[in-house]
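These are the residues of each chain, in order.
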Amino acid sequence: MSRLRRLAHLAAWRQSCRMEQRRSRQLQAGLHRQLDELVRQRTVQLAELTLHLQTAREDERQRLARDLHDELGALLTSAKLDAARIKARLSALPAEPTVALERLAHLVATLNSGIAMKRRIIEDLRPSALAHLGLLAALDILCHEFADSSGLQVHSDLRPVRLGEASALVLYRALQEALTNIAKHAQARSVWVSLQMTAGPVPGCTARQDFAELCVRDDGCGFDSSARPGSAYGLLGMRFRVEAEQGQLSLRSRPGEGCTLRVVLPGRES
């Protein structure tokens with residue numbers, strides 16, 4: 001009888017252990033689901049915050065560019081006109097004040113430099129070519145200015161694409177960021193930039209859609225693209241902006257084989 005009692009106790013203990021293990025697994029599964037949901041929510045929140053910060057940054061750039069153009073531009077133009085009036089009056093005097101005219105000429109040259117600097121800052125903050133000439137001309141100007149300032153050979157093949165205003169600005173900033181990184185890190189001799197419309201299937205259905213594809217390639221030193229670089233925040237921010245426009249950004253590189261950046265954005269229906 002005691003043996004049967006011990007076997008019954010042992011069976012009950014094993015059953016209790018199995019139930020405890022089952023409850024433990026269920027608890028762990030519940031915790032994992034909660035953690036996964038928390039990670040998903042935090043990821044979505046971070047992506048939304050990044051997009052908000054990028055949008056706020058562009059809005060601030062636009063405001064600064066407008067203030068520089070309207071207020072600082074008016075001040076510099078007014079000062080230049082005053083200098084021109086003073087020069088005309090000094091030149092009309094019987095005894096020409098040579099020293100005063102020389103200082104006035106230096107002042108006019110300084111004002112011209114200030115006006116040119118203001119234009120460069122405004123173009124960097126908010127490219128006027130993008131608003132007035134379109135994406136194709138703005139990218140072409142960006143390529144030529146980069147070639148002049150960096151001394152690198154830039155080969156561009158830019159074809160018309162159909163994009164909305166926000167997507168066009170994303171492509172412009174992507175090329176701007178890519179060229180800046182090439183100048184800083186690539187040690188390249190040549191850069192190839194292409195823009196074209198491509199057709200591809202829409203994820204989740206059988207329909208096809210037109211996409212604008214920007215490709216930037218260099219023949220520089222390259223890097224291990226599988227390793228996370230220490231200062232990739234500009235590229236990370238650009239990736240968030242591209243994905244916010246329902247696009248994709250890819251980067252391919254190997255040490256000694258240069259780097260290729262590709263940005264694909266859905267085209268606007270004509």
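The structure under discussion appears in the preceding block.
An account of the accompanying structure is given in this report.

Calculation criteria
Residues numbered from 1 in each chain as written. Predicted model: local features only at pLDDT ≥ 70, side-chain atom pairs only at ≥ 80, totals over all residues. Heavy atoms only, no water. Helix = DSSP H or I, 4+ residues; strand = E, 2+ residues; numbered from the N terminus. Buried < 20%, exposed > 50% of the residue type's maximum accessible area, 1.4 Å probe, protein only. Contact = heavy atoms within 4.5 Å. Areas by Shrake-Rupley, 256 points an atom, 1.4 Å probe, with all protein chains shown as cover. Phe/Tyr/Trp six-rings, centres within 6.5 Å; stacked < 30°, edge-to-face > 60°. Lys NZ or Arg CZ within 6 Å of the ring centre and 35° of its normal. Pairing = 2+ DSSP bridges. Patch = residues over 30% accessible without salt bridge, like charges linked within 9 Å, V, L, I, M, F, W, Y side chains within 5 Å. Salt bridge = Lys/Arg side-chain N within 4 Å of Asp/Glu carboxyl O. Lys, Arg positive; Asp, Glu negative; His and termini not counted. Charge placed at Lys NZ, Arg CZ, Asp CG, Glu CD. Expected span 1.5 Å × (residues − 1). Core = buried A, V, L, I, M, F, W, Y, C linked by side-chain atoms within 4.5 Å.

**Notes on the overall build of the protein chain**
A count of helical and extended segments in the protein chain gives 6 helices and 5 strands. Counting from the amino terminus, helix and strand elements in the protein chain follow one another as α-α-α-α-β-α-β-β-α-β-β. Within the protein chain, the fraction of its 270 residues that count as buried is 28%. Relative to all contacts within the protein chain whose residues are 6 or more apart in sequence, the contacts with residues 24 or more apart total 69%. A total accessible area of about 18,200 Å² is found for the protein chain, and carbon and sulfur atoms account for 55% of it.

**Things to note about unusual backbone geometry**
A positive phi is found at glutamine 187, a non-glycine position, where the angle reads about 55°. Within the element layout of this structure, glutamine 187 appears in the loop between α5 (165-186) and β2 (190-201). Note on glutamine 187: relative accessible area 67%, which makes it exposed. Phi angles above zero are rare outside glycine, and glutamine 246 is one such case at about 65°. One can find glutamine 246 in the loop between α6 (233-244) and β4 (248-253).

**What to know about the packing of aromatic side chains**
Taken as a whole and assessed by the stated rule, the structure comprises 0 aromatic pairs. Sitting over the ring of tryptophan 192, arginine 217 keeps its end group 4.2 Å from the ring centre.

**Concerning the pairing of β4**
In regular strands, side chains alternate between the two faces of the sheet. The pairing of β4 with strand β5 (residues 259-266) spans 6 bridges and is classified as antiparallel. Paired with glutamine 248 across the strands is valine 264, a residue of β5. Hairpin remark: β4 followed by β5, antiparallel, with 5 residues in the connecting loop; positive phi at glycine 256, about 80°.

**Observations regarding a negative patch on the surface**
Residues Glu123, Asp124, Glu145 and Asp148 make up a contiguous surface patch of negative charge. When residues of the negative patch are traced back to their parent elements, those giving at least two are α2 (98-125) and α4 (135-150). By the element assignment, aspartate 148 lies in helix α4. Residue classification places aspartate 148 among the exposed residues on the basis of a relative accessible area of 67%.

**Brief notes about α5**
With 22 residues, α5 extends 30 Å from end C-alpha to end C-alpha; this agrees with the ideal 32 Å at 1.5 Å per step. Looking one or two places after α5, you find glutamine 187, whose phi comes out positive at around 55°.

**Section: the nonpolar core**
Formed by 37 residues in total, the largest nonpolar core has its most connected members in Leu135, Leu171, Leu175, Ile182, Leu214 and Val216. Residue assignment for this core shows that the elements contributing at least two residues are α3 (128-132), α4, α5, β2, β3 (208-218), α6 and β5. Apart from the residues lying within four places of it in its own chain, the contact partners of leucine 214 are Leu171, Ala174, Leu175, Val193, Ser194, Leu195, Leu261, Arg262 and Val263.

**Structural notes on a nonpolar patch on the surface**
Side chains of Leu4, Leu7, Leu10 and Trp13 sit close together on the surface and give an oily, nonpolar patch of about 440 Å² of accessible area. By the secondary structure assignment, leucine 10 is in helix α1 (residues 2-91). Residue classification places leucine 10 among the partly exposed positions, given a relative accessible area of 35%.

**Description of a positive patch on the surface**
There is a patch of like positive charges on the surface, built from Arg14, Arg18, Arg22 and Arg25. For arginine 22, the position within the fold is in helix α1.

**What to know about the pattern of salt bridges**
Following the criterion strictly, the structure yields 5 salt bridges and no others. Put simply, arginine 189 and aspartate 219 hold a salt bridge, and the shortest N to O gap is 3.9 Å. In this pair, arginine 189 is assigned in the loop between α5 and β2 and aspartate 219 in the loop between β3 and α6, connecting sequence segments 30 residues apart. Taking the relative accessible area as the measure of exposure, aspartate 219 reaches 26% and is therefore partly exposed.

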